[in-house]
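# Chains, contacts and geometry: an overview
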Amino acid sequence: MITFDGFNELDSFIAAALINRCRKDGLAAFITTPTPVVTSMNGVEVTGQRPMEFVTEADIVLIGSGVRAREVVADDQMLSRLPLDPTRQLIGAQCSGALVLARLGLLDSMPACTDMKSRPFVEACGVTVLDAPFHAEGNIATAGGCLASQYLATWVITRTLGEGAARDVIGYVAPVGENQETVERALRAVHAGEFVSS
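Let us look at the structure shown here. Every chain is numbered on its own, with residues counted from 1 as its sequence reads. Reporting in this predicted model follows two pLDDT cut-offs: at least 70 for local features of residues, and 80 or more for side-chain atom pairs to be given and counted; totals over whole chains, interfaces and linings ignore these cut-offs and use all residues. In computing side-chain properties, one takes all heavy atoms of the structure into account and sets aside hydrogens as well as water.

## Brief notes about the packing of helix 1 (residues 9-20) against helix 6 (residues 149-161)
Rules: Here an axis means a line fitted to C-alpha atoms, over the contact stretch when the element is a helix, while the angle between two N-to-C directions is reported on a 0 to 180 degree scale. In this description a helix means any DSSP run of H or I spanning at least four residues, a strand means any run of E spanning at least two, and both kinds are numbered starting from the N terminus. Just so you know how the angles are binned, under 35 degrees is roughly parallel, over 145 roughly antiparallel, 65 to 115 roughly perpendicular, and the rest oblique. For any helix crossing, the convention is left-handed if the near helix is rotated counterclockwise from the far helix by under a right angle, and right-handed if that rotation is clockwise. We call two residues in contact when some of their heavy atoms are within 4.5 Å. Think of it as three bins: nonpolar holds Ala, Val, Leu, Ile, Met, Phe, Trp, Tyr, Cys and Pro, charged holds Asp, Glu, Lys and Arg, and polar takes everything else, Gly as well.
Contact pair helix 1 / helix 6: the axes reach a minimum separation of 8 Å and the direction vectors enclose 30°. It follows from the interaxial angle that helix 1 and helix 6 lie roughly parallel. Pair helix 1 / helix 6 crosses with right-handed handedness. Residues L10, D11, I14, A15, L18 and I19 of helix 1 form the contact with helix 6, whose participating residues are S149, Q150, A153, V156 and I157. In terms of residue class, the contact of helix 1 with helix 6 is made up of eight nonpolar, two polar and one charged.

Listed below in structure tokens is the structure:
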């Protein structure tokens, strides 16, 4: 879970927490940072669990959003530390993380999801922004809206461990009395957002 200075806590922590419920099945998420300590948009200091260079080893890379995303994409040295490979990695971005994917040339003609504040900047990169919470094509996915981070996690778990594992995780964390509808909503968002080429 790539987490930059100024990060949005909901993006990094929700996705990481959901994925880490699959540790017994061999799936683990790590807060991965460009510096040893990063500070969230609300002043929460977090010590990275892995350095940025860990992205070359990771099978899955999710890029969170934050208030400094435009600074990140303007920093060529920072971007050079993200040699992502969609042929062997699942790659996802949350909200303004779509800017990073666009700047790295990973979206090409693929539309993306992002949040309302990031939308004009993502569109300025030539990317079509969807009015949807989740979209995936092949090994690349984007999610828009902080709470859509659950959809990125659902996508990751479904792609790696299967739908049953995703149902178990989302069902466990769902609000009491809303378990089934929460599970179905998450799976519906992921399935509806997956583009299948003919």
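Next comes the rest of the write-up.
## Considerations on the pattern of salt bridges
Short version of the rule: What counts as a salt bridge is simple: a side-chain nitrogen of Lys or Arg found within 4 Å of a carboxyl oxygen of Asp or Glu.
As enumerated under the stated definition, the model contains nine salt bridges in all. In this structure, R68 engages D5 in a salt bridge whose closest nitrogen and oxygen atoms are separated by 3.5 Å. Taken as a pair, R68 in the loop between strand 5 (60-63) and helix 2 (69-73) and D5 in the segment before helix 1 lie far apart in primary sequence, 63 residues in all. Linked through salt bridges whose partners overlap, the residues forming this network are D5, R68 and E71.

## Focus on the environment of L106
When you line up the elements, L106 lands in the loop between helix 4 (97-103) and helix 5 (119-123). Sequence separation of L106 and I140 is 34 residues, and the distance between their C-alpha atoms is 8.1 Å. Beyond its immediate sequence surroundings of up to four residues, L106 is in contact with L84, P86, I91, L101 and I140.

## Some remarks on the nonpolar core
For the record, the criterion: By nonpolar core is meant a set of buried Ala, Val, Leu, Ile, Met, Phe, Trp, Tyr and Cys residues that side-chain atoms within 4.5 Å join together. With a 1.4 Å probe rolled over the protein chains alone, any residue whose accessible area is under 20% of its type maximum counts as buried; one over 50% counts as exposed, and the rest are partly exposed.
Counting 34 residues, the largest nonpolar core has I19, L62, F134, Y151, L152, W155 and I157 as the members making the most contacts within it. Among the elements of the structure, helix 1, strand 7 (134-137), strand 8 (140-143), helix 6, helix 7 (163-173) and helix 8 (179-193) are those that each provide at least two residues to this core. The greatest single-element share of this core, amounting to six residues, is contributed by helix 6. For I19, the residues in contact, after removing those within four places along its chain, are L27, A28, A29, L62, A153, V156 and I157. Grouped together as the second largest cluster of nonpolar side chains are 31 residues, V55, V72, A93 and V129 included.

## Examining the packing of helix 7 against helix 8
Between helix 7 and helix 8, the shortest axis-to-axis distance is 9 Å and the interhelical angle comes to 135°. When the axis of helix 7 is compared with that of helix 8, the two are oblique. You can see that helix 7 and helix 8 cross each other, and the crossing is right-handed. Here E163, A166, R167, I170 and G171 of helix 7 come into contact with helix 8, specifically with N179, Q180, T182, V183, E184, A186, L187 and H191. Split by residue class, the contact of helix 7 with helix 8 holds five nonpolar, five polar and three charged.

Keep in mind these values describe shape, not function.
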